[in-house]
Protein chains: 2
Amino acid sequence: MKNDGEDSREVVSVDPSSCSRSRMAPTSVDMGMARIPEEFLVQQAVEEDDCHRRRSPSSEVPAAVAEGVFVPPLNFAMVNDGVFRSGFPETTNFGFLETLKLRSIVYLCPEPYPEVNKEFLESNSIKLFQFGIEGRTEPFVHIPGERIREALKVVLDARNHPLLIHCKRGKHRTGCVVGCLRKHQKWCLSSVFDEYQRFAAAKARVCDLRFMELFDTSSIKPLST
Amino acid sequence: MKNDGEDSREVVSVDPSSCSRSRMAPTSVDMGMARIPEEFLVQQAVEEDDCHRRRSPSSEVPAAVAEGVFVPPLNFAMVNDGVFRSGFPETTNFGFLETLKLRSIVYLCPEPYPEVNKEFLESNSIKLFQFGIEGRTEPFVHIPGERIREALKVVLDARNHPLLIHCKRGKHRTGCVVGCLRKHQKWCLSSVFDEYQRFAAAKARVCDLRFMELFDTSSIKPLST
């Protein structure tokens, strides 16, 4: 399932501590379709040779796999060809995630990625794109449109597929990125909202709906059909 | 996206009036991986030459497409590579469904398919597999396990992909088929239930959960990895 058009295997992490909105630089690094401002990027080399299929330290993963049962992450779903969404993957989910043969993860929280998750990514040669978005509660929510736009560009780049988008619970931040993707796919707004609400359920936020409604997709490269 | 391994384009409809459980025949017709008892089948020839891209009589479809907006059916979602789920497609959804380049539809209600939907299938060379399951309410629900099993075999046959599973609202009957697919994929039961509930929401039924829990997938051909 992996696309062979992209050979680099480094972890590309968007350091949340270095991406306050006021410091967003106009310069950018070409990540294929996605052009990510340089200040967003922290390159971390991954030693590939000895890390393939290395197991995470957790004993839960082999146990779950040994029983022949897969445990998808919270709020897991397929979004599109090569694009998945979920809440935060735990060690019990690693066996399942391996079946997806992921090439990239788009992580939408500002908190550093846990060591055990980093090790999983390294051992499976998965690239990490981190776009730190604060997980505040209403009425103090601020959704940084430019960061959502950059995340969306990474999601739309088929060279990053198969790709998993996740935040903490897979409701708000992930819901906004997927909602913007749907707008880009020309879904009517009521269907975009319906999908958002299916995952956010009782936690659905009017400010997220408004953000998606007003999000302008015109500057994003059109989808090839 | 279409699989070229299957050239026949006839509508294969499982006539609900001819498939009471007591009359299930042991003979079957080979539909690839799926072997469907002959009594389930009504073959309807489709004149292909002159019907490609023929528009449905509804004026809503061209209007929706003209505005550049797609309207997915109620409760639409992607299940897996080449497999989608939804509620009953209406004429407003036809423009969107065309983008999926469907090869087959698995329809889970006993009611005859509406003429306008049949015309849409014919004009897009989509094969119809109908497995009539009554849409009763609790406590009178009866889920015919054998029919779900036959539907699942059609869903698992990649030669039928891309494929849409639908019933009326995309909650119970569709939820059960997708849940059984997830069991076949070795998802843990709590994740199977979680996905079912995301679509059924306030209408979730304990009898459906129990059906999925007890459904035996051992006789179904293992997934190739």
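For the structure, see preceding data.
The following refers to the structure shown. Keep in mind it's a predicted model, so treat the numbers as computed, not measured.

### Observations concerning the overall build of chain A
Helix and strand content of chain A: seven helices and nine strands. Within chain A, the fraction of its 225 residues that count as buried is 54%. Partitioning the contacts of chain A with sequence separation of at least 6, the portion at a separation of at least 24 is 70%. Accessible surface for chain A amounts to roughly 10100 Å². Of this, 50% is attributable to carbon and sulfur atoms.

### Some details on the relation of the copies chain A and chain B
When chain A is brought onto chain B, the operation consists of a screw motion whose angular component is 180° and whose axial shift is 0.0 Å, with 0.0 Å RMSD remaining. Between the two chains, the operation in question is that of a two-fold axis. A shared binding surface is used by both copies, with 100% of the interface residues of chain A retained as interface residues in chain B.

### With respect to the nonpolar core
Formed by 98 residues in total, the largest nonpolar core has its most connected members in V106(A) and V106(B). V106(B) has contacts with F129(B), F131(B), A151(B), V154(B), V155(B), L163(B), L164(B), I165(B) and H166(B), leaving out every residue within four places of it along the chain.

### Details of the environment of R210(A)
Residue and element names in this part refer to chain A. Tracing the sequence through the fold places R210 in helix 7 (residues 206-214). Judged by its relative accessible area of 47%, R210 falls in the partly exposed class. Sequence-wise, R210 and E90 are 120 residues apart; in three dimensions their C-alpha atoms are separated by 31 Å.

### Topic: the side chain of D208(A)
Residue and element names in this part refer to chain A. Here D208 is to be found in helix 7. The buried charged residue D208 lacks any salt bridge partner; its closest oppositely charged side chain belongs to R205, at an N-O distance of 4.6 Å. A polar side-chain atom of D208 sits 2.6 Å from a polar atom in the side chain of Y196. The residues touching D208, leaving out its near neighbours within four places in the chain, are I143, H172, C176 and Y196.

### A short note on the packing of aromatic side chains
Taken as a whole and assessed by the stated rule, the structure comprises 18 aromatic pairs over all chains. Where F76(B) meets F84(B), the ring centres are 5.7 Å apart and the plane angle is 20°; that geometry is what we call stacked. Since its relative accessible area comes to 5%, F84(B) is described here as buried. Put simply, the rings of F76(A), F84(A), F96(A) and W187(B) touch in pairs and so form one group of aromatic residues. Here the guanidinium or amino end of R85(A) rests over the ring plane of F199(A), the centre of that ring lying 3.6 Å away.

### Focus: the packing of helix 5 (residues 173-184) of chain A against helix 6 (residues 189-200) of chain A
All names here are of chain A. It is the contact of helix 5 with helix 6, at a shortest axis distance of 10 Å, that shows an interaxial angle of 155°. Compared by their axis directions, helix 5 and helix 6 come out roughly antiparallel. In terms of crossing hand, the pair formed by helix 5 and helix 6 is right-handed. For the pair formed by helix 5 and helix 6, the contact residues are G175, V178, G179, R182 and K183 on the first element and L189, V192, E195 and Y196 on the second. Looking at side-chain class alone, the contact of helix 5 with helix 6 contains four nonpolar, two polar and three charged residues.

### Describing the pairing of strand 7 (residues 104-107) of chain A
All names here are of chain A. The alternating pattern of strand 7 places S104 and V106 on one face and I105 and Y107 on the opposite face, and all of these are buried. Pairing of strand 7 with strand 9 (residues 163-166) involves four bridges; the strand directions are parallel. Bridge pairing links S104 to L163 in strand 9. In the sheet, strand 7 pairs with strand 8 (residues 127-130) via four bridges, with the strands oriented parallel. Residue pairing for strand 8: V106 is matched across the bridge by F129. In this fold, the crossover linking strand 7 to strand 8 by way of helix 3 (residues 115-123) has right-handed handedness.

### Points about the interface of chain A and chain B
When the parts come together, some accessible area is lost, and that loss is often what is quoted as the size of the interface. The partner chain B presents 22 residues to the 22 residues of chain A that form the contact. Taken together, both faces of the contact between chain A and chain B bury some 1800 Å²; the carbon and sulfur share is 57%. By the criterion of area lost to chain B, the three top residues of chain A are M78(A), W187(A) and R198(A), representing 34% of everything that side buries. Put simply, chain A and chain B have zero salt bridges between them.

Criteria and cut-off values
- Residues numbered from 1 in each chain as written.
- Chains lettered and ligands numbered in written order.
- Predicted model: local features only at pLDDT ≥ 70, side-chain atom pairs only at ≥ 80, totals over all residues.
- Heavy atoms only, no water.
- Helix = DSSP H or I, 4+ residues; strand = E, 2+ residues; numbered from the N terminus.
- Buried < 20%, exposed > 50% of the residue type's maximum accessible area, 1.4 Å probe, protein only.
- Contact = heavy atoms within 4.5 Å.
- Areas by Shrake-Rupley, 256 points an atom, 1.4 Å probe, with all protein chains shown as cover.
- Least-squares fit on C-alpha atoms with pLDDT ≥ 70 in both.
- Core = buried A, V, L, I, M, F, W, Y, C linked by side-chain atoms within 4.5 Å.
- Lys, Arg positive; Asp, Glu negative; His and termini not counted.
- Salt bridge = Lys/Arg side-chain N within 4 Å of Asp/Glu carboxyl O.
- Polar contact = N/O pair within 3.5 Å; in protein donor to acceptor, adjacent residues only side chain to side chain.
- Phe/Tyr/Trp six-rings, centres within 6.5 Å; stacked < 30°, edge-to-face > 60°.
- Lys NZ or Arg CZ within 6 Å of the ring centre and 35° of its normal.
- Axes fitted to C-alpha atoms, helices over the stretch in contact; angles between N-to-C directions.
- Parallel < 35°, antiparallel > 145°, perpendicular 65-115°, else oblique.
- Left-handed = near helix turned anticlockwise from the far one by under 90°.
- Nonpolar A, V, L, I, M, F, W, Y, C, P; charged D, E, K, R; others polar.
- Pairing = 2+ DSSP bridges.
- Right-handed = clockwise from strand over helix to strand, strands pointing away.
- Buried area = accessible area lost by both parts, 1.4 Å probe.

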